[in-house]
Amino acid sequence: MDISFSYRTERGPLHVLRNVSFTVYEKQYVSIVAPTGTGKTTLLRIIAGLRKPDSGKVLLMGEEVRGPTPKISMIFQDFALFPWLTALENVEVALLHKRLSKDERIKLARRYLELVGLGAFENYYPRELSGGMKQRVAIARALAAQPVLLLMDEPFANLDAITAEGLKSEIYNMVFNEESTVKAIVMVSHNLEEVIELSDRVIILGGRPATVISDVSIDLPRPRSPRDKEFQDYLDLLYGEISKSMELAGIAKT
Amino acid sequence: MVTLSIVVISLLASLATMARVAATLMISVVTGWFLGYAAAKSGMVERVFLSVTQTLESVPVITFFPIVLVFFISRIGGYLGVELAVDFLVFTAVVWNIWIGEYESIKTVAQSLEDVVNMYRLSFISKFTKLYIPVTIPRVAGNILVSFADALFYIVVSEVVTLGTRSYGVFGIGALIAGWTSEGEWVNAITALIVLIILVTVVVFLVLRPFVNWAVKYSYDPYVEVTRVGARRQTTSRLRASLSRNIRYVRRVMAVERATLPVFVRATGYSIYHRLAIRPRPVGILTKMERYVAIGVGLLILALVAYGIYSSWETTWLPILINIYNNWVTYLYYLGLDWLRVTIVTIASIAVAVPVNYLMVTRPRVEAILLPVLEDLASIPVSAYLPLVAVPFVTIMAIRLGLTASLELLVLIVAFLSTAWYVIYNMYVGMKTIPRSLWDVANNLNLSTWHKLTKLAIPGAMPATITGLASTVGSTWGGLEIAEYFQSINGKVYMVHGYTALMDYYTAVGNVVGLEAMSLILAVNVILVSIFLWRNLFALARRRYRMEGAITL
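Residues numbered from 1 in each chain as written. Chains lettered and ligands numbered in written order. Predicted model: local features only at pLDDT ≥ 70, side-chain atom pairs only at ≥ 80, totals over all residues.

1. Observations concerning unusual backbone geometry
Generally, phi is negative for residues other than glycine and the peptide bonds are trans, each holding for most cases. Residue and element names in this part refer to chain A. Even without being glycine, phenylalanine 79 reaches a positive phi, approximately 70 degrees. Counting through the fold element by element, phenylalanine 79 comes out in the loop between β6 (72-75) and α2 (87-92). Assessed through the 26 C-beta atoms surrounding it within 10 Å, phenylalanine 79 is described here as buried. One non-glycine residue, arginine 99, adopts positive backbone phi at about 55 degrees. Note that arginine 99 resides in the loop between α2 and α3 (102-115). (Helix = DSSP H or I, 4+ residues; strand = E, 2+ residues; numbered from the N terminus. Buried ≥ 20, exposed ≤ 12 C-beta atoms within 10 Å, placed from the backbone.)

Here is the structure:
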């Protein structure tokens, strides 16, 4: 993958990403870290095929991604649940493209809701669910599409600290189990603790237009605890890398 | 004697009128989905769409009705022609507001929701049924009361029109009341009016209110938690825990505050703030291809228009221009008079609205009684009861004030009644959606009533008032048009000096050329006002008075 991207604005093109390139391997949980406004979400949307890059291409198992595909599923910061559909119907949306019979579709959707622990809430509307439950519905929907690659755009940013903690401890097992088709995860975040707790690899973007500044492997046994010394060492390492990227952005500005 | 048959026929006529209202609203809503979608997706369609809708929104359609009627009768003819002319008139009165709302809803649909339907490859139909249609529902709900009232007003007026020596009419409550009044059948006419009022009340409370209530579930606010489920775990940090608790508390308070608002107010408030939150100019960027196509289509249209004018120059345009040339002083003088009336009525409406709304917002008991009455009154068209009261009113008042003054008074009262409800209602929505915390601050600082009005209530209600005015000015013109010229039982004509009165007169005597000339002047005038007045007012409301956090339904 080698991506450049710029926004067409009324004031001319605004270069956001330049030659961003990295590879994600099977069974890997990769996080992308960058300061706000770097174009992380844009990068995710390019990977998902929702936007076209100016140059470069995204390869999924050797094949170019030319447009949105259910093989790449995304989880959003604002959950992106349809307020007029129930939890079950929201999950069904991911199955509509499959031409299943209605019964099969409901059965499958129900299975994924149970997987995320919301079996009893299938007839609730999003506004009747707490933030954590909404994000679980969104995860169920993303998994129901049976994707190969799962993208997550700051999935815990809009949850309160306690709910986020609970979901983080479960997400790895929800996604990487036998029922799931997911082979790899790419998550965008600016919470470093969360990134170290969850990922196998951390990619740091920086500068304007943004490029890959560094690529750090996190080699810790799971479950990980922020109180461990090694965890703290990784934290210091990442902070160091990030401040380097900030300096770069500063240079780019002047 | 009131017989059953009179009630039955009144009911049937009211239902026929309601069916027209329902059909035109439905057509507006459905066409709006596709047009709104096209405009939101293509920069070129968007540019055309915005300039057309924004200009036509505040046009007093009714004044163009005779021209429309002439067109439909000469092209289609018969009962069908009249029926279509009536429906078309009402359609053009309500459609802009609905279209703008739907376009803006689709334009501002959450990016993530749009990503979801693309990611899971929903078909075009699924995209509409799962996403693009549902997102428009809150805005439709927010406009529904005003649209309904507007449609009813125009339909009742237009059901009967006299053009020259011929009178055209379709079956409906407006035609029925006007007919009975002109025959002197007062009891029948009053019965019909009562039937209409009851039916309107039923529709407002049993159809529109439940619809708006239902629409609430269509608003997208991902962060509102209505109920909180799940046990609280051991807290790791006290600060964090109390922070999240407080945030949740504030959210819940805001949700409760919103839930206690009357449902129409919530819906209308949503519409107003949603509208103001949106940049009015198109953001879709034109591709080169689109630019060439646009220039091509533009030139083609210009050529067609030029050819149209050229080919009908002798028969149509020359007489119109000669007519304007001969009468322009009169026309402009009358136009000035009518604008003066519109201004007086608007100021009077605002002057009444401020104290009434302040009382309603600060005194729950006043509100409990007044609000339902207002909601209902707003929907009962003046045009339905005007024929009943106009002659008696003028006859009685003329003894004291003389005929001219009492006619003028009638005109102003009718125009006021056609306008005031909307102004009061919109301003009420504005005051009511001022966040509770600001009222608390005002009370906490012990502000006087005067200061609360000038520092909080009036500026807080400003955006709603301004958006309201754009769509009510049409109704004011409608009020002028029906009151400036009317006939009594014996065919005696009452009229004042006014633009719409002259147009009515031309209609009655069948002076089509004069009518076309006046419509042309009015069209130019309306477009200029729209560009220079309303757009600037909207911009002002956006710039200065927008209140963050008031946008959820």
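Back to the text.
2. Examining the sheet that holds strand β10 (residues 211-217) of chain A
Residue and element names in this part refer to chain A. Taking strand neighbours across the sheet as the criterion, the 6 strands line up as β6-β7-β8-β3-β9-β10 in an open arrangement whose pairing is mixed. The open sheet is flanked by β6 and β10, the only strands paired with a single partner. Within this sheet the neighbouring strands show an average axis-to-axis angle of 20 degrees, counted without direction. As paired elements, β6 and strand β7 (residues 149-153) share 4 bridges and run parallel to each other. Looking at the pairing, isoleucine 72 lines up with leucine 149 of β7. Helix α4 (residues 131-144) contacts β6 and β7 of the sheet and is inclined by roughly 175 degrees relative to β6. (Pairing = 2+ DSSP bridges. Axes fitted to C-alpha atoms, helices over the stretch in contact; angles between N-to-C directions. Contact = placed C-beta atoms within 7 Å.)

3. Section: helix α5 (residues 111-119) of chain B
Among all positions in α5 of chain B, only Ser112, Leu113, Asp115, Val116, Val117 and Met119 of chain B are buried. As for α5 of chain B, its buried residues are in contact with α1 (40-47) and β6 of chain A together with α6 (124-158) of chain B. Just past α5 of chain B, the residue arginine 121 of chain B takes up positive phi, approximately 50 degrees.

4. Concerning the pairing of strand β3 (residues 28-33) of chain A
Every regular strand shows the same layout, with side chains that alternate between the two sheet faces. Residues and elements named next belong to chain A. Of all 6 residues making up β3, 5 are buried, and the element is well covered by its neighbours. Inspection of the sheet shows β3 paired to strand β8 (residues 184-189) by 6 bridges, in the parallel sense. Pairing of valine 33 across the sheet is with serine 189, part of β8. Two strands pair when backbone bridges link them, and β3 and strand β9 (residues 201-206) are joined in this way by 4 bridges, in the parallel orientation. Paired with valine 33 across the two strands is isoleucine 204, which belongs to β9.

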